[in-house]
Amino acid sequence: MNHVLLTAAILAAGLTASAQRPDATLRFNEPAAHYQEALPLGNGKIGALVTGHPVRDRIMLNEISVWSGGVQDADNDTAYRILPRIRESLLAGKNKEAQQLLQQYFICKGQGSGHGSGANVPFGAFQTLGDLTLQWKDTTSPWTGYLRTLNLENAVARAVWQRNGSTYTQETIISIPDNILAIRIRSSRKGGISFTAALSRKEHATVRANNGLLEMTGQLPNGDQPGLKFAGVLQIKTTGGKQTTGDGVITVDNADECLLLFSAATDYNMNDYTQRLEDPLPRVLQTVKRLSGRTYAQLYASQQNGYQPLFNRSRFRLSATAPGTDTASTPGRLARYYAGEPDPQLPVLYYNFGRYLLIGSSRPGNLPANLQGLWAPEYQTPWNGDYHININLQMNYWLAPITGLQDLSEPLHHYIRNLVTPGSRTAKAYYNAPGWVAHVITNPWGFTSPGEGADWGSTLTGGAWLCEHLWEHFRFTRDTAFLREYYPVLKGSAEFLKAILIEEPEHGWLVTAPSNSPEHSFIMPDGTRASTALGPTIDMQICRELFGACIEAARILDADAEWSRELAAVRGRLAPNRIGENGDLNEWLHDWKDGEPKHRHVSHAYGLHPYDEITPWSTPELSAAIRETLRQRGDDGTGWSLAWKINFWARLGDGDHALTLIHKLLRPVPPQNPRGGGSYPNLFCAHPPFQIDGNFGGTAGIAEMLLQSHGDTSVIRLLPALPGDAGWQKGTVKGLHARGAFVVDMNWDKGKITQAAILSQKGGVCRVLLPAGKSVAGGKGAVVAKPANETRIVEFETVKGAKYTIQ
Ligand code: FUC
């Protein structure tokens, strides 16, 4: 590429190279050839992946509720009868036999997830809505000076290029308040814009031109039941030139400027997924018509009002820069960073991108972010793009409370609540138990049965793990009304677990049965390989966490005193964490060998993160055992596995090791030949394939390196895991949240806090690990904690709305 031309193009577009913050811009010198190079935009409902091609531009469209399949009864109603036999086998140490029984009688009815290919079975799949393509009339002249950026500060995807002496600028936004995708195309030469726009979908859709608009409508497969209906509408407004509609296309000739508006909806009913809304087309037409009088500037202004307040709640900045990173392409930066060149702004960009993606894929009133957020160009999205609850959906939301986006967890909370009714049926069918259960795979149609493979699909603590997010929401916000509202969900999950626990023969501990440690297998001393087990460590940790949360919640809400006493007694009898012969934490009740020593799930470290019963300061021995477990597992893994490990090392207070994992997470993965975990050119996390959990988990991990507030007393720890790397020694972060409803801003230099401020949102006691030599001053300047020679925990009563300064 001619450098002079590139500079000219940038200047023509009113940008300067240095105006692009390396910590807030994704940048490419080419159009996207793969979706993992495209620029994602979203408002939590509509999503787009923009390729920005000057000849054949493809914008991949999504709507978060575009799910095939539908409500089904997948519970095997007589399964509970076999439960005693399964348990007997487990108690007799015949795990393989138990697993065979499980596979035979204790899986879901029907085809389950369709072995991950469920698009055309009742489970369904999250699918693309279709494509918007812009076929430019001029297919032959070359283009130069190409630049494509995604600016995370204003959520604008922009492509600029020169062709035939004209500079073209294409800007795309998706507005949160207006629920519209808007593309503005400009040409510096009058009459320079000629293209044909089409909406398309390979299956189950019809496109027609109607009154100058393009309408795409369709209905997805759901066996012999009616499937979900969807609709998308495109309108193009042109300045100059002319516009004609043809057979399912709109053609624009010689326009000076164009504004494309697109909106979409389905008949998925958020209030009751067993029912359908009315036909979505009239609703979408109404949205497009209502907005058709607006200029791009007006739409942009309203989009900024929707987006910026969310994005700006938290900013993380490192002072160090590396030359050239403000003009280098994102894939170029990934390659150089992985080769060991410094680019301290790249992890910051990752942090900003993670928050950007959550704002784009999770919006109150909608479904939660799925395995791909809401960006899926596929018809058979990998793993159905579903809601896996043995790590993945949970990981999607770890970043929300810490990075100031907790209100965007509402879709998750709503989703969890929706699992209660079907989960109660599943609890009866399989365990003859009260309360509710959800296993491993779930969908927006209320699927809570075990999956079709006993080895992976029957972990019975998926729903209970989700409950952690309800409790953590309370810990972060101290919102008692929320706790009251969701307490029955927590309680129902605890009631289920309490009812299904059995005594194991050796110590009389209470354990779950049958369950497994997510997707892992063990080798028993006699050489038996299996997955089905009594009381895998993670289950026990989840029980302790949930029961503890329920006991505490009942106390706060002044409810269920008797039940909560019973629960406390049961909690005390749960199988404890145990350290094995090799110094690592046991993953199962016994010190069995790992089926796969490098397995991606490190489920038994759940007690360290996300749960916090194990910490370096309260349980140093267990903490050391997890360190050993992590050493044995190694530093490689799928994308989300690497992300989880960042969080583990941050909680272990080892910033250097956390940075090693960040480095791995940023390993460039080519879309054409993806192998091993890392990042695609557009920073989408590569499992591979693309899975967004790694983006969100990685962002949460970075936040955990900067601020922690877990553990019994929720002590706020500033920079608990700052790496020794030169690039991290000076920085600022604002808007990180701590448990207890505190918001923390801080600056550091030479790796040490220079100043911090803690805003108390709700009042109450604040505990901080105060660095040596620092004091805390209250709102009116009064010193509430004096400096000391050593780092220590100080505790002070706060006033709601007041800010406390550490300096
Ligand atoms: C979990 C993981 C897999 C994959 C799938 C979607 O089951 O074990 O690696 O991420 O979810």
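Keep in mind that this is a model prediction, so the values were computed, not measured. (Residues numbered from 1 in each chain as written. Predicted model: local features only at pLDDT ≥ 70, side-chain atom pairs only at ≥ 80, totals over all residues. Heavy atoms only, no water.)

A. Here's a closer look at the packing of aromatic side chains. With the rule as written, the count across this model stands at 34 aromatic pairs. Among the aromatic side chains, those forming a connected cluster through ring pairs are W398, W465, Y606, Y611, W644 and F648. Across from the ring centre of F311, 5.8 Å away, lies the NZ or CZ of R355, which sits over that ring. It is R717 that lies over the ring of W617; its NZ or CZ is 3.4 Å from the centre. (Phe/Tyr/Trp six-rings, centres within 6.5 Å; stacked < 30°, edge-to-face > 60°. Lys NZ or Arg CZ within 6 Å of the ring centre and 35° of its normal.)

B. Just empty space enclosed by the protein, in detail. Evaluated as defined, the whole model comprises ten cavities of 30 Å³ or more. W398, P401, E468, E472 and R739 are, among the 17 residues lining the largest cavity, the residues nearest its centre. Mapped by element, the contributors of at least two residues to the lining of the largest cavity are α9 (399-402) and α13 (462-477). Counting residues per element, the lining of the largest cavity draws most heavily on α13, which supplies five residues. (1 Å grid on protein atoms, 1.4 Å probe; cavity = no way out; pocket = protein on both sides within 12 Å on 5 of 7 lines; lining within 4 Å. Points joined across faces, edges and corners; volume = space filled by probe spheres on them. Helix = DSSP H or I, 4+ residues; strand = E, 2+ residues; numbered from the N terminus.)

C. Geometry of the domain arrangement of the chain. The domain boundaries assigned to the chain delineate domain 1 (3-68 + 125-312), domain 2 (79-123 + 344-705) and domain 3 (729-806). Between domain 1 and domain 3, the C-alpha centre-to-centre distance is 45 Å. (Domains from an automatic or database assignment.)

D. Structural detail: the sheet that holds strand β36 (residues 803-806). Strand order in the open sheet formed by seven strands is β17-β29-β30-β31-β36-β33-β34, with antiparallel pairing between adjacent strands. Each of the sheet's edge strands pairs with one partner strand only, and the pair in question is β17 (315-318) and β34 (783-785). Pairing of strand β33 (residues 776-777) with β36, which is carried by two bridges, proceeds in the antiparallel orientation. Considered in β36, the bridge of V776 is made with I806. (Pairing = 2+ DSSP bridges.)

E. Just the sheet that holds strand β10 (residues 193-200), in detail. Across the sheet, which stays open at both edges, the seven strands sit in the order β2-β3-β4-β5-β10-β15-β14 with antiparallel pairing between neighbours. Only two strands of the sheet have a single neighbouring strand rather than two, namely β2 (39-42) and β14 (242-245). Recorded for the sheet is a direction-independent mean angle of 20° between the axes of neighbouring strands. Pairing of strand β4 (residues 56-63) with strand β5 (residues 130-136) involves six bridges; the strand directions are antiparallel. By the bridge assignment for β5, R58 is matched with T133. (Axes fitted to C-alpha atoms, helices over the stretch in contact; angles between N-to-C directions.)

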